[in-house]
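Here is what each chain is made of, one letter per residue.
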Amino acid sequence: MQKTIMELKNIGKTFSGVNVLRDISFKLRKGEVHALLGENGAGKSTLIKILSGYHQPDKGGTISIGSKEVTFRNPKDAIDASIHTIYQELTLCPDMTVAENIVIDKQDRFPGFAQKQKAYIQLAQEILNKMEQTDINPRTVVRRLSIAQQQIVEIAKAIASDAKVILMDEPTSSISQKDADVLLDIVRKLRDEGVTIIYISHRIHEIYEIADRVTVLRDGDYIGTLEKNEISDEKIINMMVGRDLENAFPKVNVELGETVLKVKNLSSGNTFSDVSFEVRKGEIFGIGGLVGAKRTEVLEALFGIRKITGGEIELKGQSYKPTNPIQSIKNKIAFITEDRKKTGLVLCLPVLENLSMINAQKKSFAGYLDWKKMSEMAAKEKEATDIRVNSLNQRVSTLSGGNQQKVVLGKWLGFEPDIILFDEPTRGIDIGAKTEIYNIMGKLVKNGTTIIMVSSELPELISIADTIMVMREGKARGILTREEATQERVMQFAAL
């Protein structure tokens, strides 16, 4: 039996009278990967922030390391207790070097920090070598690294801090499968060396690969912990959502109408070329392929963000060559981008203003916004997409990932688009929220809206799309009907 390294007893947290966590109790073993699962809003992030010293638990809740009860008043207390947190939004200093970031928490090891450059570069290189990441130069400025490499630097930083417990919040959500495999290998090596890892991920297949145990939270409550041999899709989903999900990918079958968009030999410089396809009214047209296949770039060209250098587009029987997003919006085309936080939302603004953003001009008179009309429209879109908020004036940054995605969708639905370009519709959201997004997509196509969807999740693509175009290296390699599409056939076009 593995030794217990940390124990949580009756951890609770209340914000403004609302119980976010209630009586969370479980143990962490030395040298295990302990997955923490739950829908967005289940309390995972709050629990991570308590363990990292960012929040303090309510009275009565305790954290023990070994046999000693500990209190973390701030993040430094947690780091001093050998607990290191790697957040989904990376916390590296982008204008400092890799080496400087790796040793930043151990400056006391290098008196006269600025004068000890050689020593901390050597330490950083030793850690990177140990992780078999020799392609990362410790002298490189962090902002020049890929997201995957920055994740590796975060882990190296934890190793430099002599972390005994590492908390990882969605470490693979923004990187390719190839890079994710590298990261998972590093996680396994850390576990084998006795490091305990709490691992949060919405990618269930990763849980099967690396988790020794799984703890599930739901609506702030502890639901249970599963040993590795007990883990199954059915059990995880039932514990997360409180019900059986007979169909994780609900598909609404509609009779497809006339062709609304015809693309012939579309090209954009050296980015992609000779892409041809047709999309019908009420259709969900999927675009698959590996990361780097230039799928997003095709959507950007259709929306007028990326310059079209060749080919033809026909929209509802008329020649169409967008040169800017305004032109596309006027033609009833919406674009829901992959990164909701950077390009889909204004995080510092409330839900009301985010939902009203596209239609603000329609709700104005003589240059003045009609807030009453904007509020009415926002309330309508909130109901249509089932956005769960305390108030429309709640800042959108405080919402769960699933609710943020529904705000992005809601802001576009207000102007009733005929075509929606949907880039990675369920990236970074939980199983329950994914199902809600699929249901909304089903309602849209049932009402005649056409959806063009880029997705990296093969089960999602195959289950939701009516037709799939597979891209590789900027070219369309094949088009499959719903009946023809299998994961094997899609991967043949994508990789071979």
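Keep in mind it's a predicted model, so treat the numbers as computed, not measured.

Chemist: Just to check I follow, could you spell out the overall build of the protein for this structure?
Modeler: Across its full length, the protein carries 17 helices and 22 strands. Across its three principal axes, the protein shows a C-alpha extent of roughly 70 × 50 × 50 Å. Of all 496 residues assigned to the protein, the portion counted as buried reaches 52%. Within the protein, counting contacts between residues at least 6 apart in sequence, those at least 24 apart form 66% of the total. For the protein, the computed accessible surface area is about 23,100 Å², with 47% contributed by carbon and sulfur atoms. Computed over 68 positive and 66 negative side-chain charges, the separation of the two mean positions in the protein equals 4 Å.

Chemist: Whenever I open this one, helix H1 (residues 44-51) confuses me. Can you help?
Modeler: An α-helix turns once every 3.6 residues. As a result, residues three or four positions apart point the same way. A large share of H1 lies buried, amounting to six of its eight residues. In the stretch just after H1, Gly53 is the one whose phi turns positive, near 85°.

Chemist: How should I be thinking about the environment of Phe285 in this particular structure?
Modeler: With respect to the helices, strands and loops of the structure, Phe285 is situated in strand S13 (residues 284-288). By relative accessible area, Phe285 is classed as buried at 1%. Those residues in contact with Phe285 that sit more than four places away from it in its chain are Phe277, Glu278, Val279, Ile451, Ile452, Met453, Thr467 and Met469.

Chemist: Teacher, can you tell me more about the sheet that holds strand S15 (residues 318-319) here?
Modeler: Strand pairing in a sheet relies on backbone hydrogen bonds, with the paired strands running either antiparallel or parallel. The sheet built from four strands is open, its strands ordered S12-S11-S14-S15 with antiparallel pairing. Two strands close off the open sheet at either side, each with one partner strand: strand S12 (272-280) and S15. Where strand S11 (residues 259-268) and strand S14 (residues 310-315) come together, five bridges link them in antiparallel fashion. Considered in S14, the bridge of Ser267 is made with Gly310. Against the sheet, helix H9 (residues 295-303) touches S11, S12 and S14, its axis set at about 70° to S12.

Chemist: Could you clarify how one ought to interpret the nonpolar core in this entry?
Modeler: What tends to happen in soluble globular proteins is that the nonpolar side chains get buried as a cluster. Judged by nonpolar contacts, the single largest core of 70 residues is most densely connected at Leu261, Phe277, Leu302 and Ile452. Tallying contributions element by element places helix H15 (residues 431-446) first for this core, with seven residues. Here Leu261 is in contact with Phe277, Glu278, Val279, Leu302, Ile313, Glu314, Leu315, Ile419 and Ile452, once residues within four sequence places are set aside. Within the second largest apolar cluster, 53 residues are counted, among which are Ile127, Ile136, Val187 and Ile231.

Chemist: How should I be thinking about the sheet that holds strand S20 (residues 450-454) in this particular structure?
Modeler: Ordered in space as S16-S19-S20-S13-S21-S22, the six strands form an open sheet in which the pairing is mixed. The open sheet terminates on both sides in strands that have one partner only, identified here as strand S16 (333-336) and strand S22 (475-481). Within the sheet, the average angular offset between the axes of one strand and its neighbour, ignoring direction, is 15°. Where S13 lies against strand S21 (residues 467-472), four bridges are found, and the strand directions are parallel. Each bridged residue has a counterpart across the sheet, and for Gly288 the counterpart in S21 is Val470. Across the face of the sheet, helix H14 (residues 401-413) comes into contact with S16 and strand S19 (419-423) while running at roughly 170° to S16.

Parameters at a glance
- For every chain, the first residue of the written sequence is number 1, and numbering continues from 1 along that sequence.
- Only residues with pLDDT of 70 or above have their local features reported here, since the model is predicted, and side-chain atom pairs are shown and tallied only from 80 upward, although totals for entire chains, interfaces and linings are computed over all residues.
- Just so you know, side-chain values use all the structure's heavy atoms and leave hydrogens and water out.
- Starting at the N terminus, helices and strands are each numbered in turn, a helix being any DSSP run of H or I of at least four residues and a strand any DSSP run of E of at least two.
- Summary of the burial criterion: residues with accessible area below 20% of their type's maximum are buried, those above 50% are exposed, and those between are partly exposed, where the area comes from a 1.4 Å probe applied to protein chains only.
- Contact criterion: two residues are considered in contact whenever any of their non-hydrogen atoms come within 4.5 Å of each other.
- Residue exposure ignores everything except the shown protein chains as possible cover, and the areas themselves are Shrake-Rupley values with a 1.4 Å probe.
- In this tally, Asp and Glu contribute negative charge and Lys and Arg positive charge; neither His nor the terminal groups of the chain are included.
- Taken as the charge location is NZ of Lys, CZ of Arg, CG of Asp or CD of Glu.
- Two strands pair under a simple rule: DSSP has to find at least two bridges between them.
- Axis definition: a line fitted to C-alpha atoms, limited for helices to the stretch in contact. Angles are taken between N-to-C directions and run from 0 to 180 degrees.
- Only buried residues count toward a nonpolar core. Its members are Ala, Val, Leu, Ile, Met, Phe, Trp, Tyr and Cys residues joined through side-chain atoms within 4.5 Å.

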